[in-house]
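Overview (structure and organization)
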Amino acid sequence: MSLTLLPAVDVAGGQSVRLVRGEAGSGTSYGDPLEAARNWQNDGADWVHLVDLDLAFGRGDNAPLLADVITQLHAKVELSGGIQNQATLDSALRTSCARINLSTAALGDRQWCEKVIAQHGDRIAVALDVKGTTLAPRGGTSIGGELFETLKWLDDAGCARYILTDVDRDGALTGPNVELLRRVCEATDRPIIASGGVATLDDLRTLAQLHTLGVEGAIVGKALYAGAFTLPEALRAVND
């Protein structure tokens, strides 16, 4: 199997946007989320990474819109952004998404996370947003926590996979944090989805070389929207 690419559709105020380093207010608008998702699907995406940024930043949500987008796609959807308690999880579960990402902020309630992982298995992934090796949830939530200690706890709880984001590289087009990905792959046998920093096709080729270590996929956003490469070019690069 080759590296799975998940083109991102981040939604704020009903529009598809891209942030720089995950910071609120740094977004550039790219129009209708359904159109964006369909474009990635038509270009060959098997998965779409769909994010509710408003929910992540605690300023409302785009739940009806995202549910509608999901129903109109045949690509699988990984739903993310602000899913950190029972109400937001229930809303996500009501959609037909293939996978739900618990937010890093959710890790502040370990008992709840363990229950969700036990109940929903492979449909649940956990987002590990970090600065260095310190958990750094979006939206300014402070929960503390060290990445590798958290990883051990989640492994023991039976977590199926992780989405690892170096927040300082997210949307910054500075390249993925390969060293951190290697360290995380050494620490867990669960598949990892890399997020943040992809700027070039060579970045994707580098991530593809980590596939045998445990990097299952890569979320790609800003580089696609900025026209650094097309999705068909990216898919060919990771399948070379």
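Summarised in this report is the structure supplied together with it. Everything numeric here is computed off the predicted structure, so don't read it as measured data.

What about the pairing of strand S4 (residues 47-52)?
- The buried fraction of S4 amounts to 6 of the 6 residues, a majority that puts the element mostly inside the structure.
- On S4, burial covers both faces: Trp47, His49 and Val51 on one face and Val48, Leu50 and Asp52 on the other are all buried.
- Relative to strand S5 (residues 76-80), S4 is paired through 5 bridges, and the arrangement is parallel. Bridge pairing links tryptophan 47 to lysine 76 in S5.

Side note on the pattern of salt bridges
- Taken as a whole, this structure holds 9 salt bridges when the rule is applied.
- Shared partners join several salt bridges into a network, and the residues in it are Asp122, Arg161 and Glu216.

Things to note about the packing of helix H8 (residues 201-209) against helix H10 (residues 231-239)
- Remark: H8 packs on H10, axes separated minimally by 8 Å, with the N-to-C direction vectors making an angle of 35°. Between H8 and H10 lies a crossing whose hand is right-handed. In this structure, H8 uses Leu201, Leu204, Arg205 and Ala208 to contact H10, whose residues at the interface are Glu233, Ala234, Ala237 and Val238.
- Class assignment for the residues of the contact of H8 with H10 results in 6 nonpolar, no polar and 2 charged.

Side note on empty space enclosed by the protein
- Across all of its chains, the model carries 2 cavities of 30 Å³ or more by this definition.
- What the second largest cavity holds in volume is close to 50 Å³.
- Along its surface, the second largest cavity is lined by Leu164, Asp166, Pro176, Asn177, Leu180, Leu181, Ala194, Ser195 and Gly196.
- Breaking the lining of the second largest cavity down by element, the ones donating at least two residues are strand S9 (162-166), helix H7 (178-187) and strand S10 (192-195).
- Grouping the constituent residues of the lining of the second largest cavity by class yields 5 nonpolar, 3 polar and 1 charged.

A look at the packing of helix H6 (residues 147-157) against H7
- Two elements in contact, H6 and H7, have axes whose closest approach is 10 Å; the angle formed by their N-to-C orientations is 35°. For the pair H6 and H7, the sense of crossing is right-handed. Facing H6, whose interface residues are Leu147, Phe148, Leu151 and Asp155, H7 presents Leu180, Arg183, Val184 and Ala187.
- Here the contact of H6 with H7 is composed, by residue class, of 6 nonpolar, no polar and 2 charged.

A word on the packing of aromatic side chains
- Per the stated rule, a full pass over the model turns up 1 aromatic pair.
- When the centroid spacing of 5.4 Å and the interplanar angle of 85° are considered together, the rings of tryptophan 40 and tyrosine 225 count as edge-to-face. With tryptophan 40 in helix H1 (residues 33-42) and tyrosine 225 in helix H9 (residues 222-225), this pair connects stretches of sequence that are 185 residues apart. For the pair tryptophan 40 and tyrosine 225, one class covers both residues: buried.
- One cation-aromatic arrangement involves arginine 99 over tryptophan 47; the distance from NZ or CZ to the ring centre is 4.2 Å.
- The ring of tryptophan 153 has arginine 110 lying over it, and the distance from NZ or CZ to the ring centre is 4.2 Å.

Calculation criteria
- Residues numbered from 1 in each chain as written.
- Predicted model: local features only at pLDDT ≥ 70, side-chain atom pairs only at ≥ 80, totals over all residues.
- Heavy atoms only, no water.
- Buried < 20%, exposed > 50% of the residue type's maximum accessible area, 1.4 Å probe, protein only.
- Helix = DSSP H or I, 4+ residues; strand = E, 2+ residues; numbered from the N terminus.
- Pairing = 2+ DSSP bridges.
- Salt bridge = Lys/Arg side-chain N within 4 Å of Asp/Glu carboxyl O.
- Axes fitted to C-alpha atoms, helices over the stretch in contact; angles between N-to-C directions.
- Left-handed = near helix turned anticlockwise from the far one by under 90°.
- Contact = heavy atoms within 4.5 Å.
- Nonpolar A, V, L, I, M, F, W, Y, C, P; charged D, E, K, R; others polar.
- 1 Å grid on protein atoms, 1.4 Å probe; cavity = no way out; pocket = protein on both sides within 12 Å on 5 of 7 lines; lining within 4 Å.
- Points joined across faces, edges and corners; volume = space filled by probe spheres on them.
- Phe/Tyr/Trp six-rings, centres within 6.5 Å; stacked < 30°, edge-to-face > 60°.
- Lys NZ or Arg CZ within 6 Å of the ring centre and 35° of its normal.

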